Amino acid sequence: MKTGVLFLHGFTGGMFEVRPFIHYVEERTDWITSVPILPGHDFPVDLSKVSAENWMMEAELALNRLRKETDRIIIVGFSMGGIIALYLALRYKIEKLVLLSAAAKYISPRILLADAAVLLTESVTKSFPPNTFYHLYDYKLRHTPLRAAKEFMRVVKMVEPYYGKITTPVCVVQGKKDGIVPFSTGEHLLRALGSQQKQLIVSENGKHHICYSDDNNEWFAKVYEFMKKESREF
């Protein structure tokens, strides 16, 4: 049975936000991975004309491509990508959902930039050239029109009324030091989702960019175990 994993990045972000966990999964499995770049998020950045529907459609197209190659699908969604993952679970049979710092509440661009600056550590710059991570966010956020932020809010508002209808087994990962998405958001999602099989994994030191937390190997292992088990065994 072939497994496919769809990774969805966050608002103004990109694949780099989930890259450490992608590498973790790829090193341990033969699973097929897909990491679509949502419209307006690639260089040159242009979020002025994209809509919530554009982002959802691109994710849906990527999902359908992956479905043709695999037998079971797992979706890993970071931040806004977590909300889009919930949308896809409403429309398709998904084996597992992994929600990383899922942005069920509004993200402040100012706080996002400050959080990105903290990531300028040796562990991050091993993967990215010096200052790349921060300046990538700096550039994108300076070129993020208000309209795009409103479209992000539309994603949240469109999915929120249907949390109770989502029954896919879900694993929520939330950092206690996330200054962008409050820790209580993870707890709220766990209560609101209609899934019978659900769990919350807490990163004690994790900030919003949870894949770069200093305890990431601990929760990577827990999420990986969740992903491996068949739903009926979980």
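Look up: the structure comes first, before these words.
Residues numbered from 1 in each chain as written. Predicted model: local features only at pLDDT ≥ 70, side-chain atom pairs only at ≥ 80, totals over all residues. Heavy atoms only, no water.

Caption draft 1: Main features of the overall build of the protein chain. When you go through the protein chain residue by residue, the secondary structure sums to nine helices and six strands. Evaluated residue by residue, the protein chain yields a buried proportion of 55% over its 234 residues. Contacts spanning at least 24 positions in sequence make up 76% of the contacts within the protein chain whose residues lie at least 6 apart. Summed over all atoms, the accessible surface of the protein chain reaches about 10600 Å², with 50% contributed by carbon and sulfur. (Helix = DSSP H or I, 4+ residues; strand = E, 2+ residues; numbered from the N terminus. Buried < 20%, exposed > 50% of the residue type's maximum accessible area, 1.4 Å probe, protein only. Contact = heavy atoms within 4.5 Å. Areas by Shrake-Rupley, 256 points an atom, 1.4 Å probe, with all protein chains shown as cover.)

Caption draft 2: Inspection of the environment of lysine 228 at higher detail. Secondary-structure assignment places lysine 228 in helix α9 (residues 216-228). Overall, lysine 228 belongs to the partly exposed group, its relative accessible area being 37%. In sequence terms lysine 228 and threonine 3 are 225 residues apart; their C-alpha atoms lie 9.4 Å from each other. When near neighbours in sequence (up to four residues on either side) are disregarded, lysine 228 contacts Trp31 and Arg72. A distance of 3.1 Å separates the side chain of lysine 228 from the side chain of glutamate 225, its partner in a polar contact. (Polar contact = N/O pair within 3.5 Å; in protein donor to acceptor, adjacent residues only side chain to side chain.)

Caption draft 3: Region of interest: the side chain of lysine 96. The topology assignment puts lysine 96 in strand β4 (residues 96-100). Although lysine 96 is buried, it makes no salt bridge; glutamate 95 carries the closest opposite charge, 5.5 Å away. Within polar-contact distance, the side chain of lysine 96 engages the backbone oxygen of lysine 229 at 2.4 Å. (Lys, Arg positive; Asp, Glu negative; His and termini not counted. Salt bridge = Lys/Arg side-chain N within 4 Å of Asp/Glu carboxyl O.)

Caption draft 4: Just unusual backbone geometry, in detail. Its identity is not glycine, yet serine 79 carries a phi of approximately 55 degrees, on the positive side. Phi at serine 101 takes a positive value of approximately 50 degrees, unusual for a residue other than glycine. Relative to the elements of secondary structure, serine 101 occurs in the loop between β4 and α4 (109-118). A residue is classified by how much of its surface remains accessible, and serine 101, at 0% relative accessible area, is buried.

Caption draft 5: Up close: the packing of helix α3 (residues 80-91) against helix α7 (residues 146-159). The N-to-C vectors of α3 and α7 enclose an angle of 35 degrees; their axes lie 10 Å apart at closest approach. The two elements α3 and α7 meet at a crossing, and its hand is left-handed. Counting all contacts with α3, which are made through Met80, Ile83, Ile84, Leu86 and Tyr87, the residues of α7 involved are Phe152, Val155, Val156 and Val159. Of the residues in the contact of α3 with α7, the class split is nine nonpolar, no polar and no charged. (Axes fitted to C-alpha atoms, helices over the stretch in contact; angles between N-to-C directions. Left-handed = near helix turned anticlockwise from the far one by under 90°. Nonpolar A, V, L, I, M, F, W, Y, C, P; charged D, E, K, R; others polar.)

Caption draft 6: Expanded view of the pattern of salt bridges. Counted under the stated rule, the structure contains nine salt bridges. Note that arginine 28 is salt-bridged to glutamate 27, the shortest N-O span being 3.5 Å. On the basis of relative accessible area, arginine 28 is assigned to the partly exposed category, the value being 39%. Taking the relative accessible area as the measure of exposure, glutamate 27 reaches 63% and is therefore exposed. In this structure, the salt-bridge partner of glutamate 204 is lysine 176, at a minimum N-O distance of 3.6 Å. Taken together, the positions of glutamate 204 in the loop between β6 (198-203) and α9 and lysine 176 in the loop between β5 (170-175) and α8 (183-192) put the pair 28 residues apart, joining distant regions of the chain. Accessibility expressed as a relative area gives 45% for glutamate 204, which makes it partly exposed. Since its relative accessible area comes to 45%, lysine 176 is described here as partly exposed.

Caption draft 7: A look at the packing of helix α2 (residues 52-67) against α3. Between α2 and α3, the least distance of the axes is 10 Å, while the angle of their chain directions is 60 degrees. Overall, the two elements α2 and α3 adopt an arrangement that is oblique. For the pair α2 and α3, the crossing hand works out as right-handed. Contacts from Trp55, Met56, Ala59, Glu60 and Leu63 of α2 reach α3 at Met80, Ile84, Tyr87, Leu88 and Arg91. (Parallel < 35°, antiparallel > 145°, perpendicular 65-115°, else oblique.)

Caption draft 8: Spotlight on the pairing of β4. Of all five residues making up β4, five are buried, and the element is well covered by its neighbours. Assessed by its sense of winding, the connection that carries the chain from strand β3 (residues 72-78) through α3 to β4 is right-handed. Judged from the four bridges that link them, β4 and β5 form a sheet pairing that is parallel. Opposite leucine 97, over in β5, you have valine 170 as the bridge partner. (Right-handed = clockwise from strand over helix to strand, strands pointing away. Pairing = 2+ DSSP bridges.)

That is the geometry; function is a separate question.
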